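One letter stands for each residue in the lines below.
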Amino acid sequence: VDNAAWSPDGKRVAICSNSGEEHSVRVWEPGAWGQSPKIKFDTHVGSIAWSPDGKRMAAALLGKRARVWEVEDHSRSMDLERLISALGPLEVRGGAPTDITDLAYDTREVRPGALFFCAPGETVDRHDLAGEAVERGAVALVVERPLDLDVPQLLVRSARAAMPIAADEFFERP
């Protein structure tokens, strides 16, 4: 065990381990038999912390990186500013601090907190589906042209070319 942090309510403890090639965090409930699955990382985990409400955790990683996730379902969460930095958009419209919890280019797969990519396709231009994506929970858009929607929009030359860059950053270079 390299690091440990108690949840704000004192009912759980997160344990960080860096042994050999494995770097992980696991949440335990003392007195309970079970433990959560490991959250694995590709590099050394320096420290871990709980959010004040106990719903999220953060890990500081080697190389000046960090990862935030939901404790209950282990879903990722990343500040939109980090993705803006990775993508280097031509312009950011309607920017506001927001957390991204998923990436999507198919409106049927949009979950609350998603960054939706408005990539033109052969039969459908996803710019035409952006309103539906926002209704389904998208909190920001990657666009090739500005849209009349009240969410942050990252204007890029090619939404399709931006997808692997955003995925690489969001999933920590898998």
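Residues numbered from 1 in each chain as written. Predicted model: local features only at pLDDT ≥ 70, side-chain atom pairs only at ≥ 80, totals over all residues. Heavy atoms only, no water.

A. Representation of the overall build of the protein in the model. Helix and strand counts for the protein stand at three helices and 14 strands. A burial count over the protein gives 44% of its 174 residues as buried. Working note: accessible area of the protein is about 9,600 Å², and carbon and sulfur atoms make up 51% of it. Charged side chains in the protein number 21 positive and 28 negative. The centres of these two groups are separated by 3 Å. (Helix = DSSP H or I, 4+ residues; strand = E, 2+ residues; numbered from the N terminus. Buried < 20%, exposed > 50% of the residue type's maximum accessible area, 1.4 Å probe, protein only. Areas by Shrake-Rupley, 256 points an atom, 1.4 Å probe, with all protein chains shown as cover. Lys, Arg positive; Asp, Glu negative; His and termini not counted. Charge placed at Lys NZ, Arg CZ, Asp CG, Glu CD.)

B. Layout of the side chain of Ser-24. Summarising the element assignment, Ser-24 is placed in strand β3 (residues 22-28). Each residue touching Ser-24, except ones within four places of it in the same chain, is listed here: Ile-15, Cys-16, Ser-17, Lys-38, Ile-39, Lys-40 and Phe-41. (Contact = heavy atoms within 4.5 Å.)

C. Region of the structure containing the pairing of strand β5 (residues 45-50). Inspection of the sheet shows β5 paired to strand β6 (residues 56-61) by five bridges, in the antiparallel sense. Residue Trp-50 lies in a different strand from β6, and its bridge partner there is Met-57. (Pairing = 2+ DSSP bridges.)

D. View of the pairing of β6. Side chains Met-57, Ala-59 and Leu-61 of β6 all project onto a buried face; the interleaved residues Arg-56, Ala-58 and Ala-60 project onto a face where none is buried. In this structure, the hairpin formed by β5 and β6 is closed by a connection of five residues, where Gly-54 is found at a positive phi of approximately 75 degrees. Note: β6 against strand β7 (residues 65-70), six bridges, orientation antiparallel. Looking at β7, one finds that Ala-58 is bridged to Val-68.

E. Structural detail: the packing of helix α1 (residues 80-87) against helix α3 (residues 159-170). Close contact between α1 and α3 brings their axes to 9 Å; oriented N to C, the two are set at 130 degrees. In this view, α1 runs oblique relative to α3, as classed from their interaxial angle. Crossing of α1 over α3 shows right-handed handedness. Judged by residue contacts, Arg-82, Leu-83, Ala-86 and Leu-87 of α1 engage Ala-162, Ile-165, Ala-166, Glu-169 and Phe-170 from α3. Looking at the contact of α1 with α3 residue by residue, the class counts come to seven nonpolar, no polar and two charged. (Axes fitted to C-alpha atoms, helices over the stretch in contact; angles between N-to-C directions. Parallel < 35°, antiparallel > 145°, perpendicular 65-115°, else oblique. Left-handed = near helix turned anticlockwise from the far one by under 90°. Nonpolar A, V, L, I, M, F, W, Y, C, P; charged D, E, K, R; others polar.)

F. Examining the sheet that holds strand β11 (residues 102-104) more closely. Within the open sheet, the five strands sit side by side as β9-β14-β13-β12-β11. Their pairing is mixed. Of all the strands in the sheet, just β9 (91-93) and β11 have a single pairing partner and so form its edges. Here the strands of the sheet are splayed against their neighbours by 20 degrees on average, with no regard to which way each runs. Here β11 pairs with strand β12 (residues 114-117) via three bridges, running parallel. Bridged to Leu-103 within β12 is Leu-115. Across the sheet, α1 is in contact with β9, β11, β12, β13 (140-143) and β14 (153-155); its angle to β14 comes to roughly 5 degrees.

G. Structural context of α1. Taken residue by residue, α1 has Leu-80, Leu-83, Ile-84 and Leu-87 as its buried positions. Viewed along the axis of α1, the buried residues span an arc of 105 degrees, placing them on a single side of the element. In the segment just after α1, Gly-88 is the residue with positive phi, at about 55 degrees. (Arc of directions from axis to C-beta.)

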